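In case you want the letters, here they are:
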Amino acid sequence: MLINLHIRNLALIDALDIDFSDGLNVLTGETGAGKSIIIGSIGVGLGGKFDAGLLRNPDEEGLVELLFEAGPRTIEKLKELDIPAEDGEVLISRRIAGGRTSNRINHHTVSLAQLRSITEELLSLHAQHEQQTLLKPAKHLELVDTAAAETIDPLLQKTGETCRAYQKVKQEIEERKSREADRARQLDFLQYEIQEIEGLRLIPGEDEELEAFFRRASSAKELATLMQETGQLTGYDRDSAAGNLVARALKLLARAEKLDPEAASLVEILTDIDSLLNDFNRAAADYEDGLSVDETALQAAEERLNRINSLKRKYGSTVEEILAALEKMKREEEELLSWDARGLELEQEEKRLGKELQEAAEELSQERKSAAERLTKEIEDTLRELNFPDVRFSMDFQRKEEIGPTGFDEAVFLFSANPGEKEKPLHLSASGGELSRVMLAVKSVLSEKGETPTLIFDEIDVGISGITADKVGRQLETLAKTHQIISITHLPQIAALGDSAYVIEKEVRDGRTHTSIHRLDEEGRVRELARLMGGSTVTENVIASAREMLRGRKE
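Presented here is an overview of the structure given in this document. No experiment lies behind these values; they were computed from the predicted model shown.

## Considering the pattern of salt bridges
Phase 1 of the analysis: Scanning the entire structure with this criterion turns up 29 salt bridges.
Phase 2 of the analysis: Asp51 is the partner of Lys49 in a salt bridge, and the nearest nitrogen-oxygen pair spans 3.6 Å.
Phase 3 of the analysis: The class of Lys49 is exposed, set by a relative accessible area of 70%.
Phase 4 of the analysis: Looking at Asp51, the relative accessible area reads 28%, which means it is partly exposed.
Phase 5 of the analysis: One salt bridge in this structure joins Asp470 and Arg474, with 3.9 Å as the shortest N-O distance. On the criterion of helical spacing, the pair formed by Asp470 and Arg474 is a turn pair, its members being four residues apart in helix α15 (residues 466-479).
Phase 6 of the analysis: Given the relative accessible area of 37%, Arg474 is considered partly exposed.
Phase 7 of the analysis: In the salt-bridge network here, residues are joined through shared partners; they are Lys377, Glu380, Asp381 and Arg384.

## Comments concerning the layout of surface pockets
Phase 1 of the analysis: When its volume is computed, the largest pocket comes out at roughly 920 Å³.
Phase 2 of the analysis: Around the largest pocket, the lining comprises 26 residues; the ones closest to its centre are Ser124, Leu143, Thr146, Lys443 and Leu446.
Phase 3 of the analysis: Where the lining of the largest pocket is concerned, the elements lending two or more residues are α3 (112-122), β8 (123-126), α4 (137-147) and α14 (432-449).
Phase 4 of the analysis: Class assignment of the residues belonging to the lining of the largest pocket gives a composition of nine nonpolar, eight polar and nine charged.
Phase 5 of the analysis: For the second largest pocket, the calculated volume is near 270 Å³.
Phase 6 of the analysis: For the lining of the second largest pocket, the elements supplying multiple residues, two or more each, are α3 and β8.

## Side note on the sheet that holds strand β11 (residues 424-425)
Phase 1 of the analysis: Here three strands make up an open sheet; going across it, the order is β9-β10-β11 and the pairing antiparallel. Sheet topology places β9 (392-404) and β11 at the edges, where each strand pairs with a single neighbour.
Phase 2 of the analysis: The pairing of strand β10 (residues 407-416) with β11 spans two bridges and is antiparallel. Considered in β11, the bridge of Phe415 is made with Lys424.

## Topic: the packing of α14 against α15
Phase 1 of the analysis: The contact between α14 and α15 brings their axes to 11 Å, and the two run at 15°. With respect to α15, the axis of α14 lies roughly parallel. α14 and α15 meet at a crossing whose hand is left-handed. Between α14 and α15, the residues in contact are Arg437, Leu440, Ser444 and Ser447 and Thr468, Val472, Gln475, Leu476 and Leu479, respectively.
Phase 2 of the analysis: Residues that form the contact of α14 with α15 fall into these classes: four nonpolar, four polar and one charged.

## A look at the pairing of strand β14 (residues 500-509)
Phase 1 of the analysis: As paired elements, strand β3 (residues 24-29) and β14 share five bridges and run parallel to each other. Bridging across to β14, Gly29 finds its partner in Ile504.
Phase 2 of the analysis: When β14 meets strand β15 (residues 512-519), the two strands line up antiparallel, connected through eight bridges. In the sheet register, Ile504 faces β15, and the bridge partner there is Ile517.

## As for the packing of aromatic side chains
Phase 1 of the analysis: Per the counting criterion, the structure on display carries four aromatic pairs.
Phase 2 of the analysis: Summarising the aromatic geometry, the rings of Phe393 and Phe413 are spaced 5.0 Å apart at their centres and angled 35° between planes, so their arrangement reads as tilted. Taken as a pair, Phe393 in strand β9 and Phe413 in strand β10 lie far apart in primary sequence, 20 residues in all. Phe413 carries the same exposure label as Phe393, and that label is buried.
Phase 3 of the analysis: Both rings, one in Phe393 and one in Phe415, keep their centres 6.5 Å apart while their planes meet at 70°; by these two values the pair is edge-to-face. Here the residue Phe393 occupies a position in strand β9, and Phe415 occupies one in strand β10, the gap between them amounting to 22 residues. The exposure classification of Phe393 matches that of Phe415, with both residues buried.

Cut-offs applied
Residues numbered from 1 in each chain as written. Predicted model: local features only at pLDDT ≥ 70, side-chain atom pairs only at ≥ 80, totals over all residues. Heavy atoms only, no water. Salt bridge = Lys/Arg side-chain N within 4 Å of Asp/Glu carboxyl O. Buried < 20%, exposed > 50% of the residue type's maximum accessible area, 1.4 Å probe, protein only. Helix = DSSP H or I, 4+ residues; strand = E, 2+ residues; numbered from the N terminus. 1 Å grid on protein atoms, 1.4 Å probe; cavity = no way out; pocket = protein on both sides within 12 Å on 5 of 7 lines; lining within 4 Å. Points joined across faces, edges and corners; volume = space filled by probe spheres on them. Nonpolar A, V, L, I, M, F, W, Y, C, P; charged D, E, K, R; others polar. Pairing = 2+ DSSP bridges. Axes fitted to C-alpha atoms, helices over the stretch in contact; angles between N-to-C directions. Parallel < 35°, antiparallel > 145°, perpendicular 65-115°, else oblique. Left-handed = near helix turned anticlockwise from the far one by under 90°. Contact = heavy atoms within 4.5 Å. Phe/Tyr/Trp six-rings, centres within 6.5 Å; stacked < 30°, edge-to-face > 60°.

Spelled out as structure tokens, the structure:
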């Protein structure tokens, strides 16, 4: 339940802090005192629109905090968000400063969607405008789905999934029809491209090898000349060549070794040099022999490189990319070649899914009709308790031509408040006061099926008086046995029934208007009831009547 409401720097409120009790909490106040501001602030705390335009002082931060005592289900959802709830308390905090809004649960920053997912478990707010939703027939079926969510949700999910699969197949069939004329042309072009690539019998990496071969072969003549000159400088054909000079030096060192044995180490070194020169010259000669180029092979390599480079310009920058493009084209070719088979497969799939969708929608519709019958019966019973002794309340189902993700049902509540009057669509037949009671009946029935512990009603009693007001008050009192109820009212019959009573007041201080709220003690309740009963003239007789009304409530 809602334990505490704290508001700071919003509209006409500087700062407001109020504790609520369990049972029926009634809020009263003069017209324009700021009741809507308080309800609006609660709406902000639940995740409603919160912008700088709401700030009383734009240079200071605005704050709305709601402190709840939460049940096991809410605590479990908080655990999923890694948010602890010590002692079962949940503090919802929304703050705006510098044009930016922050959302927190138990001092943990959360997204707006996460905050709303928690607050919808804690409190249901019926604002004055909400009863207008009953004027929208599209909302009527949603109420049935909500009331029987346990059985309807799985059927809705099944219908939705089947419908999406069916629509996907239909879309593919339509796309294939639009592509039919181009299929032959696409297939011819694909097969030409595939043949163009496959005709080369590409090998990964061969382009790099061919380019290296072509570069070397193109330089073969120049390389041969260089190798010949190198051989002349390092070989043995010339007197001045390195090989001859080293050989002559070895002979001189051999004579030196005879004169001095210590020169042997020099002989050994120069012998190694001579051996290396021999090895070098043999290797150089072999390299030069290998430089001979087959002009036919060079021409073939050049032509193949040109063809590969032509493919690169069309299909990829490497042989590997060209081969990957080839595989993709083969898959497309296979798809086009199997066009007729796929078309037949899709037609069969469309029939199968169409049948499944029809069956799922029929099952959903039957469950909805059963749920609607139960729901409207309960609402009708509740309406009788709200001073509609001859009321009839039911639901009329119509079938849409096409089945959508939510089935084929169109439904509207039918309502008749007077004997002999034919039931008509609710949005065409109910007056403002009647609509308020219908909404109260709907909320009462749905609250029994749901787990939301706190319900707020903002002037649910609009347009009623007398015995009807007493009936509405008793309904709220009945709801308060299983829920915390917070009700803003202008009727003394309802205000007298509250377990706790609060008055919302507006006053001018230092040239500025301020809205405040405080809890009434016994005498305060008597005087507020007297104001509601007597208006601007509160006599002792009115006060006595108010005291009697409050005493009667206790009895």
